[in-house]
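What follows is the residue order along each chain.
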Amino acid sequence: SPRCSKSAAQQVSDMVTALQGVEYGQIWLDIEGSQYWLGSYSANQKFFEELLSAATAHKNVGIYASEYQWSDIMGSSYTGGSSHQLWYAHYDNNPSFSDFKPFGGWTKPSIKQYAGDAS
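We now turn to the structure provided with this report. Just so it is clear, the structure is predicted and the values come from calculations on it, not from any experiment.

**Concerning the overall build of the protein chain**
When its secondary structure is counted, the protein chain shows three helices and four strands. When the helices and strands of the protein chain are listed from N to C terminus, the series reads α-β-α-β-α-β-β. Since a compact globule built from 119 residues should have a radius of gyration of about 14 Å, the 15 Å found for the protein chain is in line with a globular shape. With respect to the three principal axes, the spread of C-alpha positions in the protein chain is 40 × 35 × 30 Å. Taking all 119 residues of the protein chain together, the buried fraction comes to 35%. Residue pairs in contact within the protein chain that sit at least 24 positions apart in sequence constitute 61% of those at least 6 positions apart. Summed over all atoms, the accessible surface of the protein chain reaches about 6,900 Å², with 49% contributed by carbon and sulfur.

And the structure:
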């Protein structure tokens, strides 16, 4: 979280240290909850870019976000994470991507969370 007292790089470093000895293939950055982010798009984008840079130094990185959350936190025109896989949630019990609408530079998702608790 950008509101944490630690830098993005330190947060990633702490995570990697805590996961030593655990096999994992990818880091997913969860971009939601505007109350956890900073007050401006530019500050959020800067923190996100630092987080992304630190995380990609360790593993492949994917982004978990919705169009609403991404736009609310990063701004609708920001495309900083679009070269990475996108995982989005739409609890419609339909495994297809037919409901996906491009945002943030993503033209197609990699994963859809379509079932589960929507709260």
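**Some details on the pattern of salt bridges**
Taken as a whole and judged by the stated rule, the model has four salt bridges. Asp-92 serves as the salt-bridge partner of Lys-112, at 2.9 Å between the closest nitrogen and oxygen. Here the residue Lys-112 occupies a position in strand β4 (residues 111-113), and Asp-92 occupies one in the loop between β3 (85-89) and β4, the gap between them amounting to 20 residues. Given the relative accessible area of 8%, Lys-112 is considered buried. Judged by its relative accessible area of 27%, Asp-92 falls in the partly exposed class. It is possible to trace a salt-bridge network through shared partners that takes in Asp-92, Asp-99 and Lys-112.

**A short note on the packing of aromatic side chains**
According to the stated counting rule, one finds eleven aromatic pairs in the structure shown. When the ring of Phe-48 is compared with that of Tyr-78, the centres are 6.2 Å apart and the planes differ by 85 degrees; the resulting orientation is edge-to-face. In this pair, Phe-48 is assigned in helix α2 (residues 41-56) and Tyr-78 in the loop between α3 (67-74) and β3, connecting sequence segments 30 residues apart. The burial state of Phe-48 is the same as that of Tyr-78; both residues are buried. Taken together, Phe-48, Trp-70, Tyr-78, Tyr-88, Phe-97, Phe-100, Phe-103 and Trp-106 form an aromatic cluster joined through their ring pairs.

**Quick notes on the sheet that holds strand β1 (residues 26-30)**
With parallel pairing, four strands are arranged side by side in an open sheet as β1-β2-β3-β4. Lying at the two open borders of the sheet, with one neighbouring strand each, are β1 and β4. On average, each strand axis in the sheet is inclined to that of its neighbour by 25 degrees, with strand direction left out of account. Taken together, the five bridges between β1 and strand β2 (residues 60-64) define a ladder with parallel strand orientation. Note that in β2 the partner of Trp-28 across the bridge is Gly-62.

How each quantity is defined
- Counting of residues starts from 1 at the beginning of each chain's written sequence and follows it residue by residue.
- Totals for whole chains, interfaces and linings use every residue, but because this is a predicted model, local features are given only for residues with pLDDT of at least 70 and side-chain atom pairs only at 80 or more, for both listing and counting.
- Heavy atoms throughout the structure, all of them, feed into the side-chain values; hydrogens and water do not.
- Only runs of H or I of at least four residues qualify as helices and only runs of E of at least two qualify as strands under DSSP, and these elements are numbered from the N terminus.
- Note on method: radius of gyration uses C-alpha positions; expected globular size equals 2.2 Å times residues raised to 0.38.
- Only protein chains enter the accessibility calculation, which uses a 1.4 Å probe; a residue whose area is less than 20% of its type maximum is buried, one above 50% is exposed, and one in between is partly exposed.
- Any two residues having at least one pair of non-hydrogen atoms within 4.5 Å are treated as being in contact.
- The Shrake-Rupley method, run with a 1.4 Å probe sphere, supplies the accessible areas, and residue values consider only the shown protein chains as cover.
- We define a salt bridge as a side-chain nitrogen of Lys or Arg found within 4 Å of a carboxyl oxygen belonging to Asp or Glu.
- Between rings of Phe, Tyr and Trp, where Trp is taken as its six-membered ring, a pair exists when centres lie within 6.5 Å; planes separated by under 30 degrees are stacked, by over 60 edge-to-face, and by other angles tilted.
- If DSSP finds at least two bridges between two strands, the strands pair.
- Axis lines are fitted through C-alpha atoms, for helices just across the contact stretch, and the angle between N-to-C directions can take any value from 0 to 180 degrees.

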